[in-house]
Amino acid sequence: MTETWRARLRDRLEDFVDTFVVAGARHEDVLRAIVEEVDELRMALDRDPGPAEDGSAVVEEPANDWPSADKN
């Protein structure tokens, strides 16, 4: 993958931060909060490096084997 994703990431981060600054937050506070959240995400990744692979997010469809399911 080329480095263009990093430039796009930076652009999106700048827009993201600006959204909160325009709403009244301090620039430094927004950046600090982002760093804290990234640290939390990093720790979560360390605990479960493949969350999509463990099946915990899979929602099973309900079975249609209850008595009234066959009636129209």
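For the structure, check the block above.
What is the right way to look at the packing of helix α1 (residues 4–22) against helix α2 (residues 27–47) in this model?
The description of two packed helices rests on the angle between their axes and on the distance between the axes. One way to put it is that α1 packs onto α2 with a least axis distance of 9 Å and a crossing angle of 130 degrees. By the angle class used here, α1 and α2 are oblique. The crossing of α1 and α2 is right-handed. Between α1, through Phe16, Val17, Phe20 and Val21, and α2, the contact on the second element is made entirely by His27, Val30, Leu31 and Ile34.

I keep staring at the layout of surface pockets and nothing clicks. Help me out?
Which parts of space are left empty comes out when a probe the size of a water molecule is rolled across the atoms. Taken as a whole, the largest pocket spans an internal volume of roughly 370 Å³. Together, Arg6, Leu9, Arg10, Leu13, Glu14, Val17, Asp18, His27, Leu31, Ile34, Val35 and Val38 line the largest pocket. Among the elements of the structure, α1 and α2 are those that each provide at least two residues to the lining of the largest pocket. The leading source of residues in the lining of the largest pocket is α1, at seven residues.

I keep staring at the packing of aromatic side chains and nothing clicks. Help me out?
Aromatic rings considered in pairs are described by the distance between their centres and by the relative angle of their planes. Taken as a whole and assessed by the stated rule, the structure comprises one aromatic pair. On the numbers, 5.0 Å between centres and 80 degrees between planes, the contact of Phe16 with Phe20 is edge-to-face. Highlighted residues: Phe16 and Phe20, both in helix α1, separated by four residues, approximately one helical turn. A residue is classified by how much of its surface remains accessible, and Phe16, at 41% relative accessible area, is partly exposed.

What am I meant to see in the pattern of salt bridges here?
Side-chain pairs of opposite charge can arise where the charged atoms are in close proximity. Overall, the coordinates contain six salt bridges when judged by the stated rule. For Arg10, the salt bridge goes to Glu14, with nearest N and O atoms at 3.0 Å. Of this pair, Arg10 and Glu14 both sit in helix α1, four residues apart, which is roughly one turn of that helix. According to the relative accessible area criterion, Glu14 is partly exposed, its value standing at 36%. A salt bridge links Glu28 to Arg26; its shortest N-O distance comes to 3.5 Å. On the basis of relative accessible area, Glu28 is assigned to the partly exposed category, the value being 44%.

Reading guide: rules and limits
Residues numbered from 1 in each chain as written. Predicted model: local features only at pLDDT ≥ 70, side-chain atom pairs only at ≥ 80, totals over all residues. Heavy atoms only, no water. Axes fitted to C-alpha atoms, helices over the stretch in contact; angles between N-to-C directions. Helix = DSSP H or I, 4+ residues; strand = E, 2+ residues; numbered from the N terminus. Parallel < 35°, antiparallel > 145°, perpendicular 65-115°, else oblique. Left-handed = near helix turned anticlockwise from the far one by under 90°. Contact = heavy atoms within 4.5 Å. 1 Å grid on protein atoms, 1.4 Å probe; cavity = no way out; pocket = protein on both sides within 12 Å on 5 of 7 lines; lining within 4 Å. Points joined across faces, edges and corners; volume = space filled by probe spheres on them. Phe/Tyr/Trp six-rings, centres within 6.5 Å; stacked < 30°, edge-to-face > 60°. Buried < 20%, exposed > 50% of the residue type's maximum accessible area, 1.4 Å probe, protein only. Salt bridge = Lys/Arg side-chain N within 4 Å of Asp/Glu carboxyl O.

The values reported here are purely geometric and, on their own, carry no functional implication.
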